[in-house]
Amino acid sequence: MESKILEVITKRRSIRNYGPGEIEEEKLRLILESARLAPSSCNSQPWHFIVVKDRKKIEDLSKDVPVGEKIIGYYASNRFISKASIIIVACANPHPITHSAAKVAGMDLLMLDMGIAIEHMVLTAAELGIGTCWLGYFSDKKIRKLLGIPKRTKIAALLSLGYPDVTGRSKEQKRKELREIYSINTYKKQ
Ligand SMILES: Cc1cc2nc3c(=O)[nH]c(=O)nc-3n(C[C@H](O)[C@H](O)[C@H](O)COP(=O)(O)O)c2cc1C
């Protein structure tokens, strides 16, 4: 059996090296459209996406991501985003319905909603040959100030986008085996 979506999921990688090409307006719209169609708790659609295209702003944003050697060696620097064609800053506006539902479920439904919408964009971009990288590691305070994000609005994540630099390599990250990630009917301890 074949699955088109699984093909895209399989080929997607986090891309941190970008080439010079700009992302066409039509493709950007498709990427945003895929976020618009995402499911959300109580259909709250809590998102607002700031599409940063201005080179100076992208440069400023790249300085506003902390260098994190001391925190997580792996994210030594998120400065690579200075080469991105576009940065999408995914903002979330808390909704009273999800807020009370979250209290019952004991979960952050707002961020779950945001994660789904962002990954829709990631997969649509991958299908269109555009590289992306999620950024969960950024300076909330500085970015809020730079882009005029209101106090009650949360920043869920940043997404860098650009055509992959074909000369660069993107290493395939290992995944757990299928048998390791699920159990049937009851929780099975690994
Ligand atoms: C919520 C989230 C936050 C992430 N934050 C960062 C980040 O700050 N910097 C970075 O370089 N990659 C970041 N990543 C990318 C992951 O490191 C990457 O998805 C993971 O290592 C698997 O590699 P792959 O995406 O190439 O399959 C993040 C991914 C997710 C889902």
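Here is a short report on the structure shown in this document.

### Some words on the pattern of salt bridges
Stage number 1. As enumerated under the stated definition, the model contains six salt bridges in all.
Stage number 2. Linking Glu24 and Lys27 is a salt bridge whose minimum nitrogen-to-oxygen distance equals 4.0 Å.
Stage number 3. You can call Glu24 partly exposed: its relative accessible area is 36%.
Stage number 4. As a salt-bridge pair, Lys53 and Glu25 come within 2.8 Å of each other at their nearest N and O atoms. Separated by 28 residues along the polypeptide, Lys53 in the loop between strand S1 (47-52) and helix H3 (55-63) and Glu25 in helix H2 (residues 25-36) bring together distant segments of the chain.
Stage number 5. Assessed through its relative accessible area of 45%, Glu25 is described here as partly exposed.

### Looking at the pairing of strand S2 (residues 86-92)
Stage number 1. Where burial is concerned, most of S2 is hidden: seven out of the seven residues are buried.
Stage number 2. Side chains of S2 alternate between two faces, with Ile86, Ile88, Ala90 and Ala92 and Ile87, Val89 and Cys91 buried alike.
Stage number 3. Strand direction decides the pairing type here: S2 and strand S4 (residues 154-162), joined by seven bridges, are antiparallel. The residue bridging Ala92 from the neighbouring strand is Lys154, located in S4.

### Quick word on the site of the ligand
Stage number 1. As a structural note, the neighbourhood of the ligand is formed by 15 residues, with Ser14, Arg16, Asn78, Gly136 and Arg175 the closest of them.
Stage number 2. Within the side chain of Arg12, an N or O atom sits 2.9 Å from an oxygen atom of the ligand.
Stage number 3. Here an oxygen atom of the ligand sits 2.9 Å away from a polar atom, N or O, in the side chain of Arg175.
Stage number 4. Burial of the ligand by the protein chains amounts to 75% of its free accessible area of 630 Å².
Stage number 5. Residues that form the shell around the ligand fall into these classes: seven nonpolar, four polar and four charged.

### Quick word on unusual backbone geometry
Stage number 1. Although it is not a glycine, Cys42 adopts a positive phi angle of roughly 55°.
Stage number 2. Looking at the element boundaries, Cys42 is found in the loop between H2 and S1.
Stage number 3. In the Ramachandran plot, Gln45 falls in the positive-phi region, its phi being about 45° despite a non-glycine side chain.
Stage number 4. Tracing the backbone through its elements, the reader meets Gln45 in the loop between H2 and S1.
Stage number 5. Accessibility expressed as a relative area gives 38% for Gln45, which makes it partly exposed.

### Side note on the sheet that holds S4
Picture the strands of a sheet paired through backbone hydrogen bonds; they go either parallel or antiparallel.
Stage number 1. Taken in spatial order, the four strands make up an open sheet running S1-S2-S4-S3, and their pairing is antiparallel. The open sheet has two free edges, formed respectively by S1 and strand S3 (131-135), since each of these has just one partner strand. Averaged over all neighbouring strand pairs, the angle between strand axes comes to 20°, with direction disregarded.
Stage number 2. As defined by bridge partners, S3 adjoins S4 across five bridges and the pair is classed as antiparallel. Considered in S4, the bridge of Leu135 is made with Leu158.
Stage number 3. Relative to S4, helix H6 (residues 140-147) is tilted by about 75°, and along the sheet it contacts S1, S2 and S4.

### A short note on the nonpolar core
Stage number 1. Within the largest apolar cluster, 23 residues are counted, with the highest numbers of intra-cluster contacts made by Phe49 and Leu161.
Stage number 2. For this core, the secondary-structure elements that each account for two or more residues are H2, S1, S2, helix H5 (109-127) and S4.
Stage number 3. Ranked by residue count, the leading element in this core is H5, at seven residues.
Stage number 4. Non-local contacts of Phe49, meaning those with residues more than four positions away in its chain, are made with Leu32, Ala35, Ile88, Val89, Ala90, Met114, Ala117 and Met121.
Stage number 5. Judged by nonpolar contacts, the second largest core, of 20 residues, contains Ile50, Val52, Ile58 and Ala84.

Parameters at a glance
- Position numbers for residues count from 1 along each chain, tracking the sequence in the order it is written.
- In view of the model being predicted, local features appear only for residues whose pLDDT reaches at least 70, and side-chain atom pairs are presented and counted only at 80 or more, with totals across whole chains, interfaces and linings using the full set of residues.
- Each side-chain value is derived from all of the structure's non-hydrogen atoms; neither hydrogens nor water enter the calculation.
- Here, a salt bridge means any Lys or Arg side-chain nitrogen found within 4 Å of an Asp or Glu carboxyl oxygen.
- Remark: exposure states derive from per-residue accessible area (1.4 Å probe, protein chains only) relative to the maximum for the residue type, with buried under 20%, exposed over 50%, and partly exposed in between.
- For the purposes of this entry, the term helix denotes a DSSP run of H or I that reaches at least four residues, the term strand denotes a run of E that reaches at least two, and both are numbered from the N terminus.
- At least two DSSP bridges between two strands are required for those strands to pair.
- In this text, near means that some heavy atom of the residue lies within 4 Å of the molecule or strand in question.
- Whenever two N or O atoms come within 3.5 Å, that pair is a polar contact, provided that in protein one can donate a hydrogen and the other can accept it, and provided that, for residues adjacent in sequence, both atoms are side-chain atoms.
- To measure how exposed things are, a 1.4 Å probe is used in the Shrake-Rupley method; for residues, cover is taken only from the protein chains shown.
- Any residue that is not Ala, Val, Leu, Ile, Met, Phe, Trp, Tyr, Cys, Pro, Asp, Glu, Lys or Arg is counted as polar, Gly included; the first ten are nonpolar and the last four charged.
- Fitted lines through C-alpha atoms give the axes, limited to the stretch in contact for helices. The angle between two N-to-C directions lies from 0 to 180 degrees.
- Whether two residues touch is decided by their heavy atoms; if any such pair falls within 4.5 Å, the residues are in contact.
- Note on terminology: a nonpolar core comprises buried Ala, Val, Leu, Ile, Met, Phe, Trp, Tyr and Cys residues joined through side-chain atoms within 4.5 Å.

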